[in-house]
Structures are given as C-alpha cells and as structure tokens.
Amino acid sequence: MKYILNRLRNVILKLSILFRLFVFFCFQRNKLNKAEIFFFFPFYHTGGAEKIHLQIVSAISDRPTYIFITKQSKDAKYHFSMSQMSPMGEIFIFIRHQGIVKRLFLKFLSKNTRSLRTVFGCNTEFYYDVLSLFNSDVRKIDLIHAFATPDYGIEQYSLPSISILDARVVINLKTKQDLIEQYKYMHVNDSFVDRIITIENAVENLHGEKKILHQTFKVGYIGRWAKEKRPELFISVGHGFKEKNADAQFIMAGFNNFTPKTDEEFIDFKGILNDAELVDLYRSLDVLLVTSYREGMPLAIIEAMLYGVVVIATSIGSIEEHIIDNETGFIVNNSPNEDHIVVSMRDNLQKLYDDRSLLERLSLNSYNHAQKTFKIEKFYKAYKNLLLNA
C-alpha cells in the first residue's frame, strides 16, 4: 500500500510539473523569440557575483534579453531588479530531474531562438549542457569569477565546451593565468587562449567618499555564510581582539538565519542589508576582514575601498592586485594553518587600532586607488561590445 501511494504521489508531482511547463511555454514563447541575448545565471539571491550579473544585463538594458535562473535562490535580493530589467524564467524545477520534463524543456528552448545572437552564462553547469543546442552563428560566451580549487568547480565542468565557446571572460589576471595553465595541462590548442578576455569588476550606484575616521574602531565582515568564505575565522579574530580592546566593535552582514552562541554575542549581526543600509555600514567601518580560502575579486572589497575602508585579506585570487600590503591594506598569507591566519589578522588589526595615523594613511590610499580603478563606465562599455558585436 505504501509503495502504491508513493508511486501515485510521484505521478501527481510529475503531472503538476508538466502542467507548469505547459504554462511556461504559453507565457514565455514570444519573449524568448524576441530576445537577442540569453543569460544563464544560477541565482538572484544576495551575493557579489549576483550583483555583477545584474550589472552585466544592465549594460545592454536597451536590447531584448531573457534571463534563465537555473537553481533555487536562498533569498530574493536581486529578483525585482533582474525581472524589471529583462524577462526572466526560473527553470530549476524543469531541469533538475532527468526524463520527459527536461527533454520537453530542452526541445522547447531549441525551437524558440528566432532572434538570438548571443548566449552568456556564469556559474551554472546547465549552461554548458545546452550550448550544443544553439546554432553555430550564435555567439557563445562564459564568465569565470575564479577557480574553485581546492573544490571541484565550473572550470572543470566546462572543459568539454572550450572548443565551442567564442569568448571566455575572467575578472582578473590570476584567473586568466589559471585558465592558461589548465589549457596547457589538458593539452588544449594554444589558439583557444586568445579567446580569454579580462574585464574587471566595477561598482554601480555606490557613491564613494573619503573616509572620516570615527572615535570607535569598527571591524566588518560582509558576505554570505559560506564554506569558502570562512566567516568563523572572523569570529575567532574578534574573540582575541576584544579581550585586549573592549571598545572595538565587530559587525557581520550579508546573511540571515544565524543565531550567535553565547560567547559570540559581542558581534553585531546585521543580516541582509538593502543598498542604503549597506552604504551606511561602509561609512561606519574602519576595517573589512576577508577570510576566504578562494575568491576572484570580492565585490565587498571594491565597495569598501570606495569608502576608504582598510581591507585585511588573505592572499587569494586577484586581491593582491589591489590590496597592496601596508599601502592600501594588509595581506595575510593564506596558510593551511587557520590559527596562523587568525593571529596575523589580529596583529594587523592591532597595528591599526594603536596607530590611527597609519589607519588614516591606508584609508586615503584605499579610497584613491578605488576611485581611479573601479569605473563602471569602462565595465559597461566592455560588456556592451562583447555581447553585441557578434
């Protein structure tokens, strides 16, 4: 009896999904056929990558586009902004199961590309699964924010697609070099290296201003609670630092649903912030800690520098291209011994706490570097040329 009920439940579920797919076909067909560019992104939730994806779409906001969201988002941070900028379809329910539902969706997708000129994808395996569906005259582009090493990442999953990608965007020289090394290791033809393009991230709608130092000493973490970001190291730094400097304040933002332990109550958990709240936080911070073991170039660093916040970060990704040790911030060796990272960050914090003239000098250098480097106009121009000049 239990077996029959489970089978019946599965049949009803599949019929429900097929009905939703039929509704999707009916409402989205015209939008897809009008779109010149398809974007494939995993999420619209809170995150630096998601903010960059929104800005990429915004670079060509005057052209007909369509956004596919391929995975279930944790929150709706950028849902409204994306849906206002472009028609958008959440397709994870259709593609996560093998079988008739996925086959029907792929057939529908391949038949509704009348005006399509370019497809662009980032951080989603499904994008590489469907590349072969599109005609050879459709320009195919991907974006890699950073290698996922030591975790298995998109740079490995995308290997079979190298020959059909017309361009590959990276956000820094480090990731470009990583791709070149991967190509050499996999014996990929040297000609494909010429298809790698570097477009650095930039920031929109944040009006940076020179830092005004406060009497209090505020240290922040801004980002998701994710394994690779190691937010627990931020908490460890705070524990040791507060023992010596009771008036220092530690703030975390960028995630919800976190209940601090009793000995973590010294940290002010802000949750997910809107743009105005985020600007207020940057204006209040003296230092931003970046504790990740892998990154490309965190958007939080760019935003913090635009407000003259001094960044102390691990030596990963392209961070050292912008955080110059003892000039615009401090770099900490990304040691396999996490205790060493905590102690080094704590020591650098102490330097800034004890020497406010040093804090002021690094703050001004950080602000000046950001104002010269992270220009949104350059970002928009590069993506517009890339996406429209097939």
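As shown above, the structure is provided for reference.
Residues numbered from 1 in each chain as written. Predicted model: local features only at pLDDT ≥ 70, side-chain atom pairs only at ≥ 80, totals over all residues. Heavy atoms only, no water.

(A) Local environment of the packing of aromatic side chains. A full pass over the atoms with the stated rule returns 32 aromatic pairs. Between the aromatic rings of F40 and Y127, the centroid separation amounts to 5.5 Å while the plane-to-plane angle is 40 degrees, which identifies the pairing as tilted. Residue F40 is located in strand β1 (residues 37-41), and its partner Y127 is located in helix α6 (residues 125-130); the two are separated by 87 residues in the primary sequence. Overall, F40 belongs to the buried group, its relative accessible area being 0%. Relative accessible area serves as the criterion here: at 0%, Y127 is assigned to the buried category. Across from the ring centre of Y353, 5.2 Å away, lies the NZ or CZ of R356, which sits over that ring. (Phe/Tyr/Trp six-rings, centres within 6.5 Å; stacked < 30°, edge-to-face > 60°. Helix = DSSP H or I, 4+ residues; strand = E, 2+ residues; numbered from the N terminus. Buried < 20%, exposed > 50% of the residue type's maximum accessible area, 1.4 Å probe, protein only. Lys NZ or Arg CZ within 6 Å of the ring centre and 35° of its normal.)

(B) Main features of empty space enclosed by the protein. The full count for this structure, using the stated rule, is one cavity of 30 Å³ or more. Roughly 30 Å³ of volume is contained in the largest cavity. Taken together, I171, N172, E200, N201, M297, I302, S318, H322 and F374 make up the lining of the largest cavity. (1 Å grid on protein atoms, 1.4 Å probe; cavity = no way out; pocket = protein on both sides within 12 Å on 5 of 7 lines; lining within 4 Å. Points joined across faces, edges and corners; volume = space filled by probe spheres on them.)

(C) Fine view of the sheet that holds strand β5 (residues 139-144). In space, the seven strands of this open sheet follow the order β3-β2-β1-β4-β5-β6-β7, with parallel pairing throughout. Two strands bound the open sheet, and with one partner strand each, they are β3 (88-90) and β7 (196-198). Across the sheet, the mean angle from the axis of one strand to that of its neighbour is 20 degrees, orientation sign disregarded. For strand β4 (residues 118-122) and β5, the ladder comprises five bridges, and the chain directions are parallel. Bridge pairing links F120 to I141 in β5. (Pairing = 2+ DSSP bridges. Axes fitted to C-alpha atoms, helices over the stretch in contact; angles between N-to-C directions.)

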